[in-house]
Amino acid sequence: MTHPLLDLPPLTARRFAAIEDRVARLLDTRQDVLITQGEALLPLEGAIRAAAGPGTVALNVITGPYGQTFGGWLRDAGATVHDISVPFHTAVRAEQIRAAFAEHPEIDFVSLVHAEAATGNTNPVAEIGEAVREQGALFYLDAVASVGAEPVLPDAWGVDLCVIGAQKAMGGPAGVSAISVSERAWARMAANPNAPRRSYLSLLDWKERWLDAGRVALPHAPAQLEMLALDACLERIEAAGPDAVMARHRRAAEATRAGASALGGGLEPYVHDAADAAPVATTLRVPPSLVASDLVAAALAADPALPLAAGGGALAKEMIRVNHYGPDATESAVQASLAALGAALAAQGAPVDPAAARQAVQRAWR
(Lines give C-alpha, C1' and ligand atoms only; values in the text may rest on other atoms or scores of the structure.)
Protein backbone atom coordinates (compact mmCIF):
# COMPACT_ATOMS: atom_id res chain seq x y z
CA MET A 1 0.00 0.00 0.00
CA THR A 2 1.06 3.58 -0.54
CA HIS A 3 -0.21 7.01 0.32
CA PRO A 4 -1.35 9.65 -2.20
CA LEU A 5 1.32 12.04 -0.88
CA LEU A 6 4.10 9.51 -1.46
CA ASP A 7 5.76 8.06 -4.57
CA LEU A 8 5.06 11.19 -6.59
CA PRO A 9 6.95 11.90 -9.81
CA PRO A 10 9.74 14.46 -9.37
CA LEU A 11 8.78 18.11 -9.55
CA THR A 12 10.15 19.45 -12.81
CA ALA A 13 12.04 22.70 -13.26
CA ARG A 14 9.28 23.83 -15.59
CA ARG A 15 6.62 23.31 -12.89
CA PHE A 16 8.80 25.04 -10.29
CA ALA A 17 9.25 28.05 -12.58
CA ALA A 18 5.50 28.16 -13.30
CA ILE A 19 4.77 28.38 -9.57
CA GLU A 20 7.26 31.24 -9.26
CA ASP A 21 5.43 32.99 -12.09
CA ARG A 22 2.17 32.57 -10.18
CA VAL A 23 3.71 34.24 -7.15
CA ALA A 24 4.88 37.10 -9.37
CA ARG A 25 1.32 37.57 -10.65
CA LEU A 26 -0.02 37.61 -7.10
CA LEU A 27 2.45 40.40 -6.26
CA ASP A 28 1.90 42.16 -9.60
CA THR A 29 5.67 42.38 -9.98
CA ARG A 30 8.09 42.22 -12.87
CA GLN A 31 11.00 41.72 -10.49
CA ASP A 32 12.75 38.37 -10.20
CA VAL A 33 10.86 36.02 -7.90
CA LEU A 34 12.56 33.14 -6.11
CA ILE A 35 10.71 30.46 -4.18
CA THR A 36 12.99 29.53 -1.31
CA GLN A 37 12.97 26.06 0.16
CA GLY A 38 12.22 26.80 3.79
CA GLU A 39 10.04 28.88 6.12
CA ALA A 40 10.13 32.63 5.51
CA LEU A 41 12.89 33.24 8.04
CA LEU A 42 15.22 31.78 5.39
CA PRO A 43 14.83 34.55 2.79
CA LEU A 44 14.29 37.19 5.48
CA GLU A 45 17.71 36.50 6.96
CA GLY A 46 19.33 35.66 3.65
CA ALA A 47 18.29 38.98 2.09
CA ILE A 48 19.65 41.05 4.97
CA ARG A 49 22.97 39.20 5.08
CA ALA A 50 23.29 39.48 1.29
CA ALA A 51 22.39 43.16 0.92
CA ALA A 52 23.82 44.64 4.12
CA GLY A 53 27.33 44.69 5.52
CA PRO A 54 30.08 46.98 6.81
CA GLY A 55 29.41 50.39 5.29
CA THR A 56 25.65 49.89 5.20
CA VAL A 57 23.68 52.47 7.18
CA ALA A 58 20.27 51.04 7.94
CA LEU A 59 17.02 52.44 9.22
CA ASN A 60 15.22 49.60 11.02
CA VAL A 61 11.57 50.14 11.89
CA ILE A 62 10.30 48.31 14.98
CA THR A 63 6.55 47.89 15.30
CA GLY A 64 6.75 44.39 16.78
CA PRO A 65 9.08 41.46 17.45
CA TYR A 66 10.19 40.86 13.86
CA GLY A 67 11.48 44.39 13.53
CA GLN A 68 13.61 43.71 16.59
CA THR A 69 14.97 40.56 14.94
CA PHE A 70 15.91 42.40 11.76
CA GLY A 71 17.91 44.95 13.72
CA GLY A 72 19.93 42.13 15.25
CA TRP A 73 20.69 40.60 11.86
CA LEU A 74 21.72 43.96 10.43
CA ARG A 75 24.13 44.55 13.30
CA ASP A 76 25.51 41.02 12.94
CA ALA A 77 26.18 41.80 9.27
CA GLY A 78 28.25 44.83 10.29
CA ALA A 79 25.75 47.54 9.39
CA THR A 80 25.30 50.75 11.32
CA VAL A 81 21.68 50.63 12.47
CA HIS A 82 19.32 53.44 13.47
CA ASP A 83 16.11 52.09 14.98
CA ILE A 84 12.69 53.71 14.93
CA SER A 85 10.51 52.13 17.60
CA VAL A 86 6.83 52.94 17.87
CA PRO A 87 4.37 51.63 20.45
CA PHE A 88 2.93 48.28 19.41
CA HIS A 89 -0.60 49.68 19.55
CA THR A 90 0.06 51.95 16.56
CA ALA A 91 1.89 52.12 13.21
CA VAL A 92 4.87 54.05 11.91
CA ARG A 93 4.25 57.12 9.75
CA ALA A 94 6.01 58.29 6.60
CA GLU A 95 6.77 61.56 8.40
CA GLN A 96 8.78 59.64 10.99
CA ILE A 97 10.76 57.95 8.21
CA ARG A 98 11.52 61.30 6.58
CA ALA A 99 12.58 62.74 9.93
CA ALA A 100 15.04 59.88 10.38
CA PHE A 101 16.46 60.53 6.90
CA ALA A 102 16.88 64.21 7.73
CA GLU A 103 18.77 63.29 10.90
CA HIS A 104 20.85 60.58 9.20
CA PRO A 105 21.12 61.43 5.47
CA GLU A 106 23.62 58.59 5.00
CA ILE A 107 20.90 55.92 5.42
CA ASP A 108 20.93 53.57 2.41
CA PHE A 109 18.84 50.60 3.63
CA VAL A 110 15.37 50.50 5.21
CA SER A 111 13.83 47.41 6.83
CA LEU A 112 10.13 47.26 7.65
CA VAL A 113 7.47 44.73 8.57
CA HIS A 114 4.25 45.32 6.67
CA ALA A 115 1.84 43.66 9.13
CA GLU A 116 2.91 42.36 12.52
CA ALA A 117 0.52 39.51 13.27
CA ALA A 118 2.08 39.25 16.72
CA THR A 119 0.97 42.75 17.67
CA GLY A 120 -1.94 43.24 15.26
CA ASN A 121 -0.73 46.42 13.55
CA THR A 122 -0.05 47.19 9.89
CA ASN A 123 2.14 49.90 8.40
CA PRO A 124 1.30 52.22 5.44
CA VAL A 125 3.88 50.83 3.04
CA ALA A 126 2.80 52.86 0.01
CA GLU A 127 3.46 56.15 1.80
CA ILE A 128 6.64 54.87 3.41
CA GLY A 129 7.86 53.57 0.04
CA GLU A 130 7.49 57.05 -1.42
CA ALA A 131 9.69 58.46 1.34
CA VAL A 132 12.27 55.71 0.82
CA ARG A 133 12.40 56.40 -2.91
CA GLU A 134 13.07 60.08 -2.18
CA GLN A 135 16.04 58.96 -0.08
CA GLY A 136 17.27 56.48 -2.71
CA ALA A 137 17.66 53.77 -0.08
CA LEU A 138 17.17 50.05 -0.64
CA PHE A 139 13.77 48.99 0.72
CA TYR A 140 13.37 45.59 2.44
CA LEU A 141 9.85 44.46 3.38
CA ASP A 142 8.54 41.54 5.41
CA ALA A 143 5.09 40.87 3.91
CA VAL A 144 4.75 37.34 5.31
CA ALA A 145 1.66 38.09 7.38
CA SER A 146 0.08 40.67 5.08
CA VAL A 147 0.09 38.88 1.72
CA GLY A 148 -3.39 37.63 0.97
CA ALA A 149 -4.97 39.81 3.66
CA GLU A 150 -4.13 43.18 2.13
CA PRO A 151 -2.40 44.43 -1.04
CA VAL A 152 1.32 43.71 -1.39
CA LEU A 153 2.73 45.58 -4.41
CA PRO A 154 6.55 45.64 -4.56
CA ASP A 155 6.78 47.46 -7.90
CA ALA A 156 4.21 50.14 -7.12
CA TRP A 157 5.67 50.75 -3.68
CA GLY A 158 9.35 50.69 -4.67
CA VAL A 159 10.19 47.63 -2.57
CA ASP A 160 13.53 46.06 -3.52
CA LEU A 161 13.34 42.94 -1.36
CA CYS A 162 9.86 41.64 -0.55
CA VAL A 163 9.50 38.39 1.39
CA ILE A 164 6.24 36.47 1.63
CA GLY A 165 5.07 33.24 3.20
CA ALA A 166 1.95 31.23 2.48
CA GLN A 167 1.08 29.97 5.96
CA LYS A 168 -1.08 32.87 7.14
CA ALA A 169 -3.63 34.72 5.01
CA MET A 170 -2.87 32.67 1.91
CA GLY A 171 -3.90 29.52 3.76
CA GLY A 172 -0.97 27.55 2.37
CA PRO A 173 2.14 25.68 3.52
CA ALA A 174 4.79 26.95 5.93
CA GLY A 175 7.69 24.99 4.45
CA VAL A 176 8.35 27.21 1.42
CA SER A 177 8.48 30.98 1.01
CA ALA A 178 9.26 33.52 -1.70
CA ILE A 179 11.13 36.75 -2.30
CA SER A 180 10.96 39.33 -5.07
CA VAL A 181 14.28 41.01 -5.83
CA SER A 182 14.88 44.22 -7.77
CA GLU A 183 17.83 44.73 -10.12
CA ARG A 184 19.44 47.21 -7.76
CA ALA A 185 19.08 44.77 -4.88
CA TRP A 186 20.92 42.13 -6.92
CA ALA A 187 23.62 44.71 -7.64
CA ARG A 188 23.94 45.52 -3.93
CA MET A 189 24.34 41.82 -3.14
CA ALA A 190 26.91 41.28 -5.88
CA ALA A 191 28.99 44.17 -4.54
CA ASN A 192 28.90 42.84 -0.97
CA PRO A 193 31.95 40.63 -0.31
CA ASN A 194 30.25 39.27 2.82
CA ALA A 195 27.10 38.11 1.04
CA PRO A 196 26.54 34.40 1.75
CA ARG A 197 27.85 32.08 -0.96
CA ARG A 198 27.83 28.27 -1.12
CA SER A 199 25.28 28.53 1.68
CA TYR A 200 21.64 27.68 2.27
CA LEU A 201 21.19 31.42 2.96
CA SER A 202 22.63 32.41 -0.41
CA LEU A 203 20.25 34.16 -2.76
CA LEU A 204 23.13 34.84 -5.15
CA ASP A 205 23.71 31.10 -5.57
CA TRP A 206 20.09 30.67 -6.62
CA LYS A 207 20.34 33.63 -8.97
CA GLU A 208 23.40 32.27 -10.75
CA ARG A 209 22.44 28.60 -10.81
CA TRP A 210 18.72 29.03 -11.44
CA LEU A 211 17.65 32.45 -12.77
CA ASP A 212 20.71 33.29 -14.84
CA ALA A 213 20.79 29.72 -16.19
CA GLY A 214 17.30 30.11 -17.63
CA ARG A 215 15.40 28.13 -14.95
CA VAL A 216 15.97 24.84 -16.82
CA ALA A 217 17.65 22.79 -14.07
CA LEU A 218 16.93 23.02 -10.36
CA PRO A 219 20.01 23.49 -8.16
CA HIS A 220 18.81 20.78 -5.77
CA ALA A 221 15.81 18.59 -5.05
CA PRO A 222 12.83 20.82 -4.21
CA ALA A 223 10.47 20.45 -1.26
CA GLN A 224 7.95 18.66 -3.45
CA LEU A 225 4.88 18.43 -1.22
CA GLU A 226 5.23 22.03 -0.04
CA MET A 227 5.63 23.25 -3.63
CA LEU A 228 2.50 21.38 -4.73
CA ALA A 229 0.63 22.81 -1.74
CA LEU A 230 1.79 26.32 -2.63
CA ASP A 231 0.63 25.83 -6.21
CA ALA A 232 -2.79 24.67 -4.99
CA CYS A 233 -2.98 27.62 -2.62
CA LEU A 234 -2.21 30.10 -5.40
CA GLU A 235 -4.74 28.42 -7.68
CA ARG A 236 -7.42 28.75 -5.00
CA ILE A 237 -6.67 32.47 -4.54
CA GLU A 238 -6.77 33.04 -8.30
CA ALA A 239 -10.12 31.23 -8.53
CA ALA A 240 -11.68 33.22 -5.70
CA GLY A 241 -10.02 36.45 -6.78
CA PRO A 242 -7.40 38.19 -4.61
CA ASP A 243 -9.77 41.09 -3.93
CA ALA A 244 -12.39 38.71 -2.53
CA VAL A 245 -9.82 36.98 -0.31
CA MET A 246 -8.61 40.33 1.03
CA ALA A 247 -12.19 41.53 1.59
CA ARG A 248 -12.88 38.44 3.68
CA HIS A 249 -9.91 39.24 5.90
CA ARG A 250 -10.99 42.88 6.25
CA ARG A 251 -14.46 41.80 7.33
CA ALA A 252 -12.98 39.38 9.87
CA ALA A 253 -10.89 42.16 11.40
CA GLU A 254 -13.76 44.64 11.49
CA ALA A 255 -16.12 42.05 12.98
CA THR A 256 -13.62 41.00 15.65
CA ARG A 257 -13.03 44.58 16.78
CA ALA A 258 -16.75 45.31 16.83
CA GLY A 259 -17.65 42.07 18.59
CA ALA A 260 -14.94 42.39 21.23
CA SER A 261 -16.00 45.94 22.05
CA ALA A 262 -19.64 44.84 22.38
CA LEU A 263 -18.73 41.78 24.45
CA GLY A 264 -17.49 43.84 27.37
CA GLY A 265 -15.65 42.23 30.24
CA GLY A 266 -12.93 44.84 29.92
CA LEU A 267 -11.75 43.66 26.48
CA GLU A 268 -10.71 46.39 24.08
CA PRO A 269 -8.77 46.50 20.80
CA TYR A 270 -5.03 46.59 21.47
CA VAL A 271 -4.37 48.66 18.34
CA HIS A 272 -6.13 51.94 19.07
CA ASP A 273 -6.89 53.18 15.55
CA ALA A 274 -8.75 50.79 13.24
CA ALA A 275 -6.74 52.20 10.31
CA ASP A 276 -3.57 50.83 11.95
CA ALA A 277 -5.09 47.39 12.60
CA ALA A 278 -3.91 44.48 10.50
CA PRO A 279 -6.60 42.49 8.67
CA VAL A 280 -4.66 39.28 9.30
CA ALA A 281 -5.08 39.23 13.10
CA THR A 282 -6.77 41.29 15.79
CA THR A 283 -5.11 41.85 19.16
CA LEU A 284 -7.15 42.57 22.26
CA ARG A 285 -6.11 44.06 25.58
CA VAL A 286 -7.48 42.46 28.76
CA PRO A 287 -8.18 44.37 31.99
CA PRO A 288 -5.23 44.62 34.42
CA SER A 289 -6.97 42.34 36.93
CA LEU A 290 -6.91 39.40 34.48
CA VAL A 291 -4.19 37.42 32.70
CA ALA A 292 -4.53 37.04 28.94
CA SER A 293 -2.78 33.68 28.77
CA ASP A 294 -5.16 32.25 31.40
CA LEU A 295 -8.20 33.41 29.42
CA VAL A 296 -6.81 31.93 26.22
CA ALA A 297 -6.03 28.65 27.96
CA ALA A 298 -9.60 28.44 29.26
CA ALA A 299 -11.04 29.21 25.81
CA LEU A 300 -8.83 26.63 24.12
CA ALA A 301 -9.70 24.02 26.73
CA ALA A 302 -13.30 24.36 25.56
CA ASP A 303 -12.33 24.26 21.85
CA PRO A 304 -8.65 23.61 20.96
CA ALA A 305 -9.30 24.47 17.29
CA LEU A 306 -10.02 28.14 17.94
CA PRO A 307 -7.57 30.60 16.31
CA LEU A 308 -6.60 32.16 19.64
CA ALA A 309 -3.21 32.85 21.20
CA ALA A 310 -1.83 34.94 24.01
CA GLY A 311 0.74 37.60 23.27
CA GLY A 312 4.36 36.52 23.27
CA GLY A 313 6.80 37.17 26.09
CA ALA A 314 5.87 40.11 28.28
CA LEU A 315 2.65 40.56 26.29
CA ALA A 316 1.27 37.22 27.52
CA LYS A 317 -0.33 38.93 30.51
CA GLU A 318 -2.15 41.70 28.66
CA MET A 319 -2.71 40.65 25.02
CA ILE A 320 -4.99 38.14 23.30
CA ARG A 321 -4.57 37.52 19.59
CA VAL A 322 -7.42 36.37 17.33
CA ASN A 323 -5.69 34.89 14.27
CA HIS A 324 -8.49 35.24 11.74
CA TYR A 325 -6.44 34.41 8.67
CA GLY A 326 -6.66 31.86 5.90
CA PRO A 327 -9.44 29.36 6.63
CA ASP A 328 -10.26 31.22 9.86
CA ALA A 329 -11.14 34.49 8.10
CA THR A 330 -14.81 33.61 8.49
CA GLU A 331 -17.75 34.89 10.49
CA SER A 332 -18.13 31.52 12.23
CA ALA A 333 -14.51 31.54 13.42
CA VAL A 334 -14.88 35.07 14.77
CA GLN A 335 -18.16 34.23 16.51
CA ALA A 336 -16.73 31.07 18.07
CA SER A 337 -13.59 32.86 19.27
CA LEU A 338 -15.53 35.67 20.94
CA ALA A 339 -18.05 33.25 22.47
CA ALA A 340 -15.23 31.23 24.05
CA LEU A 341 -13.50 34.37 25.32
CA GLY A 342 -16.82 35.57 26.73
CA ALA A 343 -17.26 32.30 28.62
CA ALA A 344 -13.69 32.52 29.97
CA LEU A 345 -14.27 36.12 31.10
CA ALA A 346 -17.58 35.23 32.74
CA ALA A 347 -15.88 32.41 34.65
CA GLN A 348 -13.53 35.05 36.09
CA GLY A 349 -16.49 37.16 37.19
CA ALA A 350 -16.24 39.74 34.40
CA PRO A 351 -19.56 41.12 33.11
CA VAL A 352 -20.05 40.17 29.46
CA ASP A 353 -22.85 40.43 26.90
CA PRO A 354 -22.47 37.53 24.43
CA ALA A 355 -25.69 38.44 22.59
CA ALA A 356 -24.45 41.96 21.91
CA ALA A 357 -21.16 40.54 20.65
CA ARG A 358 -22.94 38.17 18.26
CA GLN A 359 -25.08 40.97 16.87
CA ALA A 360 -22.08 43.28 16.46
CA VAL A 361 -20.22 40.62 14.48
CA GLN A 362 -23.24 40.01 12.27
CA ARG A 363 -23.64 43.72 11.53
CA ALA A 364 -19.96 44.15 10.75
CA TRP A 365 -19.90 41.16 8.44
CA ARG A 366 -22.61 42.46 6.13
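These notes cover the structure that comes with them. (Residues numbered from 1 in each chain as written. Predicted model: local features only at pLDDT ≥ 70, side-chain atom pairs only at ≥ 80, totals over all residues. Heavy atoms only, no water.)

A word on the pairing of strand E9 (residues 177–181)
Next up, step 1: Counting buried positions along E9 gives 5 out of 5 residues, so the element sits mostly inside the fold.
Next up, step 2: Of the two faces of E9, the one carrying Ser-177, Ile-179 and Val-181 and the one carrying Ala-178 and Ser-180 are both buried.
Next up, step 3: Here strand E8 (residues 161–165) runs beside E9; their pairing, made up of 5 bridges, is antiparallel. For Ile-164, the partnering residue across the bridge sits in E9 and is Ala-178. (Buried < 20%, exposed > 50% of the residue type's maximum accessible area, 1.4 Å probe, protein only. Helix = DSSP H or I, 4+ residues; strand = E, 2+ residues; numbered from the N terminus. Pairing = 2+ DSSP bridges.)

Thoughts on the sheet that holds strand E2 (residues 57–62)
Next up, step 1: In spatial order, the strands read E1-E9-E8-E7-E4-E2-E3; together these 7 strands make up an open sheet with mixed pairing. Pairing within the sheet leaves two strands with one partner each, and these edge strands are strand E1 (32–36) and strand E3 (80–85). Put simply, the sheet's adjacent strands are angled 15 degrees from each other on average, direction ignored.
Next up, step 2: Sheet contacts for helix H1 (residues 13–27): E1, E8 and E9; angle to E1, the most-contacted strand, approximately 120 degrees. (Axes fitted to C-alpha atoms, helices over the stretch in contact; angles between N-to-C directions. Contact = heavy atoms within 4.5 Å.)

Description of the packing of helix H10 (residues 242–263) against helix H12 (residues 331–347)
Next up, step 1: At their nearest, the axes of H10 and H12 sit 10 Å apart, and the two run at 25 degrees to each other. Judged by the angle between their axes, H10 and H12 are roughly parallel. Where H10 crosses over H12, the two elements pack in a sense that is right-handed. Together, Ala-252, Ala-255, Thr-256, Gly-259, Ala-260 and Leu-263 of H10 and Val-334, Leu-338, Gly-342 and Leu-345 of H12 make up the contact between the two elements. (Parallel < 35°, antiparallel > 145°, perpendicular 65-115°, else oblique. Left-handed = near helix turned anticlockwise from the far one by under 90°.)

Digging into the packing of H10 against helix H13 (residues 354–365)
Next up, step 1: Two elements in contact, H10 and H13, have axes separated by 8 Å at closest approach and are oriented at 155 degrees. Classified by the angle between their axes, H10 and H13 sit roughly antiparallel to one another. Between H10 and H13 lies a crossing whose hand is right-handed. Contacts between H10 and H13 involve Arg-248, Arg-251, Ala-252, Glu-254, Ala-255, Ala-258, Gly-259, Ala-262 and Leu-263 from the former and Pro-354, Ala-356, Ala-357, Ala-360, Val-361, Ala-364 and Trp-365 from the latter.

Overview of the pairing of E3
Next up, step 1: Judged from the 6 bridges that link them, E2 and E3 form a sheet pairing that is parallel. If you follow Asn-60 over to E3, its bridge partner there is Asp-83.
Next up, step 2: Regarding topology, helix H3 (residues 65–76) serves as the crossover connection from E2 to the parallel E3, and that connection is right-handed. (Right-handed = clockwise from strand over helix to strand, strands pointing away.)

A short note on the nonpolar core
Next up, step 1: Core analysis: the biggest nonpolar cluster contains 78 residues, and Ile-35, Ile-97, Tyr-140, Leu-161, Ile-164, Met-170 and Met-189 have the highest contact counts within it.
Next up, step 2: If one sorts the elements of this core by residue count, H1 sits on top with 7 residues.
Next up, step 3: Those residues in contact with Leu-161 that sit more than four places away from it in its chain are Ala-47, Ala-51, Leu-138, Phe-139, Tyr-140, Leu-141, Ile-179, Ser-180, Val-181, Ala-185 and Met-189. (Core = buried A, V, L, I, M, F, W, Y, C linked by side-chain atoms within 4.5 Å.)

Examining the side chain of Ser-337
Next up, step 1: Summarising the element assignment, Ser-337 is placed in helix H12.
Next up, step 2: On the basis of relative accessible area, Ser-337 is assigned to the buried category, the value being 0%.
Next up, step 3: Here Ala-333 takes part through its backbone oxygen, which lies 2.8 Å from a polar atom of the side chain of Ser-337. (Polar contact = N/O pair within 3.5 Å; in protein donor to acceptor, adjacent residues only side chain to side chain.)

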